[in-house]
Amino acid sequence: MLSFVRQPTDEKRDLNIHDTIEATLEIIGFQGRLRDVGIRKNYNDSVPNVRGCEGSLRQVFLSIITNALDSMEGSGTLTVETGASENAVFVKIGDTGQGISQEHVSRIFDPFFTTKAEKRSAGLGLSIAGKIVTDHNGCIEVTTKECEGTTFTINLPVSA
Ligand SMILES: Nc1ncnc2c1ncn2[C@@H]1O[C@H](COP(=O)(O)OP(=O)(O)OP(=O)(O)O)[C@@H](O)[C@H]1O
Ligand SMILES: [Mg+2]
């Protein structure tokens with residue numbers, strides 16, 4: 001998997017975020033993981049480019065979308081929305097899954113925090129995603145409601 005995600009260099013360049021999201025969805029599609037979920041895309045075609053590392057940002061979206069699919073256990077709706085504020089682009093990734101309990105939500109970005117021990121998950125996906133987004137001078141926010149779902153918002157500064 002990482003060979004798909006990682007690019008040979010870590011160079012940052014101007015990226016169309018929709019291309020990065022679509023490439024990630026294609027990878028997840030190859031895994032057969034999108035078969036039983038609905039996808040609702042709401043892309044704002046006028047969002048500006050962001051300055052970023054394509055491979056790293058694919059890894060961010062891969063981790064967050066994979067978690068969304070895990071939480072829905074094969075059925076539900078994945079929502080991917082983009083938009084822009086004054087100097088940042090946002091990507092919202094929503095699921096209709098189990099949600100995250102109050103006691104867990106403050107720990108999800110901690111390395112090795114996982115509730116998927118039975119799947120032998122490492123609990124590293126979000127800690128790495130958080131680091132990558134910080135390295136892009138962006139931030140990730142999360143809103144969640146138990147039994148209803150979770151939305152992650154990735155904010156990335158636009159290129160100068
Ligand atoms: N969309 C989501 N819905 C419900 N719980 C979530 C969601 N995203 C993250 N979590 C919770 O946050 C925890 C940490 O996520 P993270 O991606 O870092 O690790 P993981 O998925 O458990 O393992 P890994 O990503 O290393 O395979 C998950 O185990 C899960 O409890
Ligand atoms: Mg994960």
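Here the structure is a predicted model, which means the values were calculated and not measured.

Enquirer: Whenever I open this one, the site of ligand 1 confuses me. Can you help?
Expert: For ligand 1, the set of nearby residues contains 19 residues, the closest of which are Asn-67, Thr-114, Thr-115, Lys-116 and Leu-126. One nitrogen or oxygen atom from the side chain of Thr-114 is found 2.5 Å from an oxygen atom belonging to ligand 1. At a separation of 2.8 Å, an oxygen atom of ligand 1 approaches a polar backbone atom of Leu-126. In isolation ligand 1 has 600 Å² of accessible area, and contact with the protein removes 89% of it.

Enquirer: Would you take a moment to explain the nonpolar core for this structure?
Expert: A general feature of soluble globular proteins is that nonpolar side chains tend to end up buried together. Counting residues in hydrophobic clusters, the biggest one holds 36 residues, and the most contacted among them are Ile-17, Leu-57, Val-60, Phe-61, Leu-78 and Ile-154. Ranked by residue count, the leading element in this core is helix H3 (residues 54–72), at 9 residues. The residues contacting Ile-17, other than those within four sequence positions of it, are Val-47, Val-50, Leu-57, Phe-61, Thr-82, Val-89, Val-91 and Leu-156.

Enquirer: Before we go on, may I ask you to explain the sheet that holds strand E4 (residues 76–84) in this structure?
Expert: Strand pairing in a sheet takes place through backbone hydrogen bonds and is either antiparallel or parallel in direction. What the 5 strands build is an open sheet, ordered E2-E4-E5-E7-E6; its pairing is mixed. What marks the edges here is a single partner per strand, and that holds for strand E2 (37–42) and strand E6 (139–145). Between one strand and the next, the sheet's axes are offset by a mean angle of 15°, whatever the strand orientation. Strand direction decides the pairing type here: strand E5 (residues 88–95) and strand E7 (residues 149–157), joined by 8 bridges, are antiparallel. The residue bridging Phe-90 from the neighbouring strand is Asn-155, located in E7.

Enquirer: Quick question: what am I supposed to make of the packing of helix H2 (residues 17–30) against H3 here?
Expert: For any two helices packed against each other, one specifies the crossing angle of their axes together with the interaxial distance. Where H2 contacts H3, the axes come no closer than 9 Å and their chain directions differ by 55°. When the axis of H2 is compared with that of H3, the two are oblique. Viewed along their axes, H2 and H3 form a crossing whose handedness is right-handed. Contacts from Ile-17, Thr-20, Ile-21, Ala-23, Thr-24, Leu-25, Ile-27 and Ile-28 of H2 reach H3 at Glu-54, Leu-57, Arg-58, Phe-61, Leu-62, Ile-65 and Leu-69. Partitioned by chemical class, the residues of the contact of H2 with H3 number 11 nonpolar, 2 polar and 2 charged.

The rules behind these values
Every residue gets a number counted from 1 within its own chain, in the order that chain's sequence is written. Each chain gets a letter, beginning with A, and each ligand a number, beginning with 1, in the order they are written. Thresholds applied to this predicted model are a pLDDT of at least 70 for local features of residues and 80 or more for the giving and counting of side-chain atom pairs; totals over whole chains, interfaces and linings are not thresholded and use all residues. Working from all heavy atoms in the structure, the side-chain values ignore hydrogens and water. Residues are labelled near a given molecule or strand when at least one of their non-hydrogen atoms is within 4 Å of it. Each polar contact in these results corresponds to two N or O atoms within 3.5 Å; when the atoms are within protein, one needs to be able to donate a hydrogen and the other to accept it, and residues that are neighboring in sequence are counted only if both atoms are side-chain atoms. Surface accessibility follows the Shrake-Rupley procedure with a 1.4 Å probe radius. Residue values consider only the protein chains on display as shielding. In this text, buried Ala, Val, Leu, Ile, Met, Phe, Trp, Tyr and Cys residues form a nonpolar core when linked through side-chain atoms within 4.5 Å. Buried means the residue's accessible area, taken with a 1.4 Å probe over protein chains only, is under 20% of the maximum for its type, while exposed means over 50%, and partly exposed covers the values in between. Think of it this way: any DSSP run of H or I at least four residues long counts as a helix, any run of E at least two long counts as a strand, and we number them from the N terminus. Contact criterion: two residues are considered in contact whenever any of their non-hydrogen atoms come within 4.5 Å of each other. For two strands to be treated as a pair, DSSP must find at least two bridges joining them. Axis lines are fitted through C-alpha atoms, for helices just across the contact stretch, and the angle between N-to-C directions can take any value from 0 to 180 degrees. By the definition adopted for this analysis, an angle is roughly parallel if under 35 degrees, roughly antiparallel if over 145, roughly perpendicular if from 65 to 115, and oblique otherwise. Note on convention: the crossing is left-handed when the near helix lies turned anticlockwise from the far helix by less than a right angle, right-handed when the turn is clockwise. Ten residue types, Ala, Val, Leu, Ile, Met, Phe, Trp, Tyr, Cys and Pro, are classed as nonpolar, four, Asp, Glu, Lys and Arg, as charged, and the remainder, Gly among them, as polar.

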